[in-house]
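Residues per chain, in single letters:
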Amino acid sequence: MRICRLLKPNLRSFFATQIRMSSDQLGELGKGVGKGGGGGGAVREAGGAFGRRQAAEEEMYFKRKEQEQLAVLRKHHQEEIDHHKREIQRLHQEIIRHEGRIRKLRLDD
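1. Points about the overall build of the protein chain
Helices and strands together make up the secondary structure of the protein chain, namely three helices and zero strands. Along its sequence from the N terminus, the protein chain presents helices and strands in the succession α-α-α. Out of the 109 residues belonging to the protein chain, those deemed buried represent 12%. When contacts within the protein chain are restricted to residue pairs at least 6 apart in sequence, those whose partners lie at least 24 apart make up 39%.

Now the structure itself:
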């Protein structure tokens, strides 16, 4: 349950990142205000090489965050799979136990 609570904010930001990255309104990032790059601080507003560099660093940051979120999600799914496999084994042992009891009852008759 604890992992599920941790995933919910990550999933929300993951989808927000996807929307942000697929937006056609951005233009070329880091080109400055009015040139498709938008605002985002003095460096990005000025445009030029530093603006493009900052935009690239921001994109790398979001890419890394996305990779971290995917890793958490993969780990969560693997833990769920392992849990279900253990549950299947436990239930299989219960079935064998019950079948043994039925056999014993038949032999007693």
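2. Quick notes on the confidence of the model for the protein chain
Interpretation of the predicted coordinates at a detailed level should be avoided for regions scoring low in pLDDT. Looking at the protein chain, the pLDDT average stands at 78 and 57% of residues meet or exceed 70. Mean pLDDT in the protein chain bottoms out at helix α1 (residues 2-21), which sits at 55, and peaks at helix α3 (residues 48-108), which reaches 95.

3. Remarks on the pattern of salt bridges
Should the charged atoms of two oppositely charged side chains come close, the side chains can pair. In total, this model carries four salt bridges according to the counting rule given. Salt-bridge contacts for glutamate 57 lead to arginine 53; the nearest nitrogen and oxygen are separated by 3.2 Å. With a gap of four residues between them, glutamate 57 and arginine 53 both fall in helix α3, about one helical turn apart. In this structure glutamate 57 comes out as partly exposed when scored by relative accessible area, which is 44%. Accessibility expressed as a relative area gives 52% for arginine 53, which makes it exposed. With a closest N to O distance of 2.5 Å, glutamate 87 and arginine 90 form a salt bridge. Taken together, the residues glutamate 87 and arginine 90, both in helix α3 and three residues apart, mark about one turn of the helix. The class of glutamate 87 is partly exposed, set by a relative accessible area of 28%.

4. Focus on α3
Counted at 1.5 Å a residue, the expected span for α3 with its 61 residues is 90 Å, and the 90 Å between its end C-alpha atoms agrees. Listed as buried for α3 are Gly51, Ala55, Glu66, Gln69 and His76.

Thresholds, definitions, all that
- Residues numbered from 1 in each chain as written.
- Predicted model: local features only at pLDDT ≥ 70, side-chain atom pairs only at ≥ 80, totals over all residues.
- Heavy atoms only, no water.
- Helix = DSSP H or I, 4+ residues; strand = E, 2+ residues; numbered from the N terminus.
- Buried < 20%, exposed > 50% of the residue type's maximum accessible area, 1.4 Å probe, protein only.
- Contact = heavy atoms within 4.5 Å.
- pLDDT = per-residue confidence, 0-100.
- Salt bridge = Lys/Arg side-chain N within 4 Å of Asp/Glu carboxyl O.
- Expected span 1.5 Å × (residues − 1).

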